[in-house]
Structures are given as C-alpha cells and as structure tokens.
Amino acid sequence: MPSAGDVIIKIEDAVVSYREDVALRGVTLTVRRGELVGIIGPNGAGKTTLLTLVNGLGKLLRGRVEVLGYSLNGGCPDILRKRIGYVPQIQNIDPRMPVNVWEVVMMGRYGRLGLLRRPGSTDRQVVDCMLKLVGMSHLASRPIGHLSGGEQQRVAIARALAQEPDILLLDEPTTGLDRRARVEIMALVNEIHRSRHLTTLMVTHELRTAAEVCDRLVLMKEGRIWIQGKPEEVLREEILDLLYGDEEGICS
Ligand code: ATP
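Definitions and cut-offs
- Residues numbered from 1 in each chain as written.
- Predicted model: local features only at pLDDT ≥ 70, side-chain atom pairs only at ≥ 80, totals over all residues.
- Heavy atoms only, no water.
- Helix = DSSP H or I, 4+ residues; strand = E, 2+ residues; numbered from the N terminus.
- Expected span 1.5 Å × (residues − 1).
- Buried < 20%, exposed > 50% of the residue type's maximum accessible area, 1.4 Å probe, protein only.
- Contact = heavy atoms within 4.5 Å.
- Axes fitted to C-alpha atoms, helices over the stretch in contact; angles between N-to-C directions.
- Parallel < 35°, antiparallel > 145°, perpendicular 65-115°, else oblique.
- Left-handed = near helix turned anticlockwise from the far one by under 90°.
- Nonpolar A, V, L, I, M, F, W, Y, C, P; charged D, E, K, R; others polar.
- Core = buried A, V, L, I, M, F, W, Y, C linked by side-chain atoms within 4.5 Å.

Chemist: So what's going on with helix α6 (residues 149–162)? Residues and values would help.
Modeler: The terminal C-alpha atoms of α6 lie 20 Å apart, and with 14 residues this matches the ideal 20 Å at 1.5 Å per residue to within 8%. The element α6 is extensively covered by neighbouring structure, given that 11 of its 14 residues are classed as buried. Of the residues making up α6, those classed as buried are Gly150, Gln152, Gln153, Arg154, Val155, Ala156, Ile157, Ala158, Ala160, Leu161 and Ala162. On its buried face, α6 sits against β6 (84–87), α3 (101–107), α5 (121–133), β7 (167–171) and α7 (179–195). Positive phi shows up at Glu164, right after α6, with a value of about 55 degrees.

In structure tokens, the structure reads:
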C-alpha cells in the first residue's frame, strides 16, 4: 500500500490527439499521494484531456501513464476505475429527470456494487454520509433537476465520493456559478481533500482561490505543461500575461 508522499500518478511524454487536433504534445507530470494540484490555462490548452489520461479514457498516441501502480497504456483496469472519482463540468440537467438527489449519489456506488448486487445498508450509509459531508442531506429527496448550480455541484462531488476513491478529479467545478457559490465549492473541495486524505487534480479558472487551496499549480498552454510549482512561484503577473496573452475575463 503506497503511503503519503509516494508518486501515484506518473505521466511520461504523453501525446494525445483527436483526429487532426493534437490535444497533448508530450506531457510529463508526476503527482504524489495527498497532493491537491490545480491545472490552469486558457481554453483548449489540454486540461480536460490531461484528466482523461488519469481516469483511463484518454487515447495515447505516445508515452506512458501509470496510476496507483497500474499501467493505463492498455486501458483502465476495473479495479482502478473504482478508485478514481470524477466530477465532470457542470451539466444542464432536464428538470423533468425522474431521479432524486439521493439516487444520483447512490449511482456512485455502482462501480463497487457490480451489476448483480443490490445496494445494502453499508451503501446506504455511505450515501447518507457523503450527502452530509457536502451539506445536501436536507435536499436528498428533491429531483436532481430542481437544484441550483452550486447544489448540483455538491451532489456531483458527493456522487464521486460515494465511490470512496483514492483520487478525485474535478473539471472546472465552479464554472457558471455565482461568486458566493464558487467560493463555497472551492472551500468544500479543499476540506474534503484534506479530511478524506485524497489526491486531487482540479481543472479550474479560479486563479486566486486555486492559489489559496492548491499545493501546486500546473499551467498548461497549447497542449504542453508550460510551468508548474508552488502557487506563489507560478502565479506571477508576467507569467500570467504570457500564459493568457491579451485574454480578458480571467476569474480571480
Ligand atoms: P477548456 O478550458 O475550454 O475546457 P481544455 O484546456 O480543457 O479547454 P481540452 O478540452 O483538453 O482543453 O481540449 C484540448 C484540444 O483538444 C482542443 O483543441 C479541443 O478542441 C480538442 N478536443 C477536445 N476534445 C475533443 C474531442 N472529443 N474531439 C475532437 N477534439 C477535441
């Protein structure tokens, strides 16, 4: 069993392309157990694609990916998939969707349950516990489409945590939320990361808050890791000017 500080994600010289678009152009990254790593950069830089490499969905043209000691070059072994929780970008959910908050979080258990087993009391307890952790117990029976964006994100985080993962991947968890909800979600991610001893990779455009909560920031541009290090080392004005060019509207 790896201990805190061991390298548990190792990406070497990864090249990924979607037909004519090269999304990653030789990315090398290691992440140690217990780190909270923020991945930032302009649109199209390859940030989401980098996450897909860690959860085994990325198609490598070249390079190597190893997560928790398993090679992902031949796809993601089932045993590993359960250990990686994924919170996708905020989705538009049809308000008529006949599924409530509790049932959505239970979906996070299915990877552990397998197809044939029905949820037992442990599974129900885990779902209750994760809803409590994200502050959503009081809305457990509400239809999932009847929530605010911030509440939906909390449920998405609870669903990923219900898997009881070692690694948590979040793709822009605050996009589209108002300022208050953005601050609350970032604080929740930080708290959960520390209290559940996770290793967390978070794609975000929230530079200022990311600097406060992340142990390390990875700045990406044009399919490459451009610079990485402690937030205070990399979030310097001259670096950000070069990273984003003249782009406006960088979240702060
Ligand atoms: P954003 O901040 O806009 O979400 P990103 O940094 O996460 O961007 P990616 O989504 O990884 O960037 O995309 C990297 C490149 O790969 C882009 O040029 C994008 O158009 C392309 N790309 C991503 N997904 C696909 C896909 N499924 N099919 C074709 N091209 C894709």
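Alright, that's what it looks like, and here's the rest.
Chemist: Describe the packing of α5 against α6, with residues and values.
Modeler: The contact between α5 and α6 brings their axes to 9 Å, and the two run at 140 degrees. Considered as vectors, α5 and α6 are oriented oblique to each other. The handedness of the crossing between α5 and α6 is right-handed. Here Val126, Met130 and Leu133 of α5 come into contact with α6, specifically with Ala158, Leu161 and Ala162. Looking at the contact of α5 with α6 residue by residue, the class counts come to 6 nonpolar, no polar and no charged.

Chemist: So, the nonpolar core: which residues are in play, and what are the values?
Modeler: Core analysis: the largest hydrophobic core is formed by 47 residues, its most contacted members being Val105, Val155, Ile157 and Met202. For this core, the element with the highest residue contribution is α6, accounting for 7 residues. Ignoring any residue separated from it by four or fewer positions in sequence, one finds Ile157 in contact with Val87, Val134, Leu170, Ile185, Leu188, Val189 and Ile192. Core analysis: the next-biggest nonpolar cluster, separate from the first, contains 30 residues, Ile11, Leu24, Val65 and Leu201 among them.

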